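Here is how the chains run, residue by residue.
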Amino acid sequence: QVQLVESGGGLVQAGESLGLSCAASGSIFRVNIMRWYRQAPGKQRLLVATITSGGTPNYVSSVKGRFTISRDNAKNMVYLQMNSLKPEDTAVYYCNADVAPDGAVLKNYWGQGTQVTVSS
């Protein structure tokens, strides 16, 4: 059984920073791509950033230059550092990862989400 658990959400003012963490735990053989999504109230869940097992990041254009995704492969963790936050960044942020629990077959897992609220 694999679990993803996010932490680090909260309430900040516009222009401030916040860091999110996500830990993958359980019976893990390997972790491939890790991702952060977000879902604003009444809107679809959207991809924010991805990072490969080799550490190559990609970002949606709206967060480029403000957000940084990173990972610690030894700890099976992924991070999202969010700077210069804007009210439109308000959403529930979800961790997502492709994990092989017990061999070569990758399965996709989601965390439970953590709320980020940015006040103007």
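Check the entry above for the structure.
First things first, this report covers the structure right here in the doc. (Residues numbered from 1 in each chain as written. Predicted model: local features only at pLDDT ≥ 70, side-chain atom pairs only at ≥ 80, totals over all residues. Heavy atoms only, no water.)

1. Focus on the nonpolar core
Here is step 1 of the chain: If you look at the biggest cluster of nonpolar residues, it comprises 28 residues, and the most contacted ones within it are Trp36, Phe67, Val78, Leu80, Met82 and Tyr93.
Here is step 2 of the chain: Contributions of two or more residues to this core are made by strand 1 (2-7), strand 3 (18-26), strand 4 (30-39), strand 5 (45-51), strand 7 (67-72), strand 8 (77-82), strand 9 (91-100) and strand 11 (114-119).
Here is step 3 of the chain: Per-element accounting of this core gives the leading share, 5 residues, to strand 9.
Here is step 4 of the chain: When near neighbours in sequence (up to four residues on either side) are disregarded, Phe67 contacts Arg38, Val48, Tyr59, Leu80, Gln81, Met82, Asn83, Leu85, Asp89 and Tyr93. (Core = buried A, V, L, I, M, F, W, Y, C linked by side-chain atoms within 4.5 Å. Buried < 20%, exposed > 50% of the residue type's maximum accessible area, 1.4 Å probe, protein only. Helix = DSSP H or I, 4+ residues; strand = E, 2+ residues; numbered from the N terminus. Contact = heavy atoms within 4.5 Å.)

2. A word on the state of the cysteines
Here is step 1 of the chain: All chains considered together, the criterion is met by 1 disulfide.
Here is step 2 of the chain: The disulfide partner of Cys22 is Cys95, and the S-S distance across this bridge is 2.1 Å. As the torsion about the S-S bond is roughly -80°, the Cys22-Cys95 disulfide counts as left-handed. Taken together, the residues span a long stretch of sequence, with Cys22 in strand 3 and Cys95 in strand 9 at a distance of 73 residues.
Here is step 3 of the chain: Since its relative accessible area comes to 0%, Cys22 is described here as buried.
Here is step 4 of the chain: Since its relative accessible area comes to 0%, Cys95 is described here as buried. (Disulfide = S-S within 2.5 Å.)

3. A closer look at the pairing of strand 3
Here is step 1 of the chain: Bridging between strand 1 and strand 3 involves 6 bridges; their strand directions are antiparallel. Residue pairing in the sheet places Ser7 in a bridge with Ser21 of strand 3.
Here is step 2 of the chain: Examined bridge by bridge, strand 3 and strand 8 share 6 bridges and lie antiparallel to one another. Its bridge partner being in strand 8, Cys22 is matched across the sheet by Val78. (Pairing = 2+ DSSP bridges.)

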